[in-house]
Amino acid sequence: MSGIPLGVLDLVPVPSGSTAAEALHHSIDLARQTEAFGYARYWFAEHHLNPGVAGTSPAVVLALTASATSTIRLGSGAVQLGHRTALSTVEEFGLIDALHPGRLDLGLGRSAGRPPQRTSQEPPFEGHTPNGLRIPARFSFAHLLGHPRVALQQRLLNLPGAQPQDYAEQVDDLLALLRGDYRSPEGVEAHAVPGEGADVQVWILGSSGGVSAETAGRNGLRFAANYHVSPASVLEAADGYRAAFKPSADLDRPYLTVSADVVVAEDDATARELATGYAPWVRSIRTAEGAIPFPTPAEARVLPWTEADRTLVADRVETQFVGSARTVADHLERLQEATGADELLITTITHDHADRVRSYRLLAEEWQRRSGADRAAVTRS
């Protein structure tokens, strides 16, 4: 696994009994510590109307984190463009880049609530890849379309009567503003100050081989495939991106990171205990309740639970990598091999901050040990 960097994806989770302010302090502390552990990137997700998630504005949180760190790359995973404009996004990241140049990743996503569309007519793959990676049955978000809470979120995020711009067109506008060659259909120039010429890496995040993967490939951008959110379509997403890829001034070949949900502890049993709250937390998201504050293992065990609940979260639970550092690193190696990922993006949620920090530390130590062993093997050969 030599040369495969690990990054961090942080939702700024709020544990039960805690506050959003405490969660933000913990995330900034985690960024400092993972920088010391050797992680390559630290990304903040964007979610809204979730009692258990404080990561509502990636740009704001990464600006605060940039001042508390010095070398780790910081970015969005992802800015949701459906309720933003290309200009506002470029200006926000331009402001941060002005003070912290060369450290920013501008990760772009489509708005939540839109189920990914399958692009292949082939029956979806389900089972295990030849190397043993679990690809579960596909989960459909169709039951959430038209849900009152989903509709409310869209109403609160968008100005009355506003229509989202076509995603691919919006990305084109954003790239043109960063380059400084934007022209309106009427030929009028626009220059974002700050923002134009900002030294940021642009990434596209996607859960399928559809619009997001195609937009990333067509523009020669880096792409992040979400195994932790949509494990059933990760192979489709990676393949769709590579099939659409065209070299750009920034990138001469496809460059892919793949996310994974991970909990690491000293042994498998302890890790499973720390991950007890994951299933009810996912259930709260998939019922449009909004992510609940992450429960303690004891709290999670007394929550009501049905067979329907188990089915609702099965794909996420069975693809969460939980165990000792050795166990989880084995899973990550299978994920990397099956997808051909150039990097891996790790997201970890536990109730206690110390357990979360320890999970990232133990994984980094094991990953570095394997990387060192790989390099030693190459040297001997």
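Located above this text is the structure these notes cover.
The rules behind the values
Residues numbered from 1 in each chain as written. Predicted model: local features only at pLDDT ≥ 70, side-chain atom pairs only at ≥ 80, totals over all residues. Heavy atoms only, no water. Helix = DSSP H or I, 4+ residues; strand = E, 2+ residues; numbered from the N terminus. Rg over C-alpha atoms; globule rule 2.2 N^0.38 Å. Buried < 20%, exposed > 50% of the residue type's maximum accessible area, 1.4 Å probe, protein only. Contact = heavy atoms within 4.5 Å. Areas by Shrake-Rupley, 256 points an atom, 1.4 Å probe, with all protein chains shown as cover. Lys, Arg positive; Asp, Glu negative; His and termini not counted. Charge placed at Lys NZ, Arg CZ, Asp CG, Glu CD. Salt bridge = Lys/Arg side-chain N within 4 Å of Asp/Glu carboxyl O. Arc of directions from axis to C-beta.

S.K.: Explain the overall build of the protein chain to me, please; I cannot follow it from the model alone.
M.R.: Counting secondary structure elements, the protein chain contains 13 helices and 12 strands. In terms of overall dimensions, the protein chain is globule-like: its C-alpha atoms have a radius of gyration of 20 Å, near the 21 Å expected for 381 residues. When its C-alpha atoms are laid out on the principal axes, the protein chain stretches across 65 × 60 × 45 Å. A burial count over the protein chain gives 54% of its 381 residues as buried. If you take every contact in the protein chain between residues at least 6 apart in sequence, the share linking residues at least 24 apart comes to 76%. Summed over its atoms, the accessible surface of the protein chain is roughly 16,500 Å², and 55% of this surface lies on carbon and sulfur atoms. Computing the positive centroid from 34 side-chain charges and the negative centroid from 46, the protein chain places the two 3 Å apart.

S.K.: Help me out: how do you make sense of the pattern of salt bridges in this one?
M.R.: Pairing is possible between side chains that carry opposite charge, provided their charged atoms lie close to one another. A full pass over the atoms with the stated rule returns 24 salt bridges. Two residues, R138 and E236, come together in a salt bridge whose shortest N-O distance is 3.0 Å. Of this pair, R138 sits in the loop between strand 7 (134-135) and helix 4 (148-157) while E236 sits in helix 7 (residues 234-244), and the two are 98 residues apart along the sequence. Judged by its relative accessible area of 31%, R138 falls in the partly exposed class. Looking at E236, the relative accessible area reads 13%, which means it is buried. Taking the shortest distance from any N to any O, the salt bridge between E273 and R301 comes out at 3.0 Å. Highlighted residues: E273 in helix 8 (residues 268-274) and R301 in helix 10 (residues 297-301), separated in sequence by 28 residues. Beyond isolated ion pairs, a larger network of salt bridges with shared partners links D330, E333, E366, R369 and R370.

S.K.: When you look at helix 11 (residues 307-318) in this model, what are you seeing that I'm missing?
M.R.: Quick reminder: α-helices carry 3.6 residues per turn. Residues three or four places apart thus point the same way. Those residues of helix 11 that fall on the buried side of the exposure criterion are D309, L312, V313, D315 and R316. For helix 11, the buried positions fall inside an angular range of 145 degrees around the axis, keeping them on one side. Projecting away from the buried face of helix 11 at angles above 90 degrees are the exposed residues E307 and T311. Those residues of helix 11 that are buried lie in contact with strand 10 (256-265) and helix 9 (278-286).

Interpretation in functional terms is not warranted from these geometric data alone.
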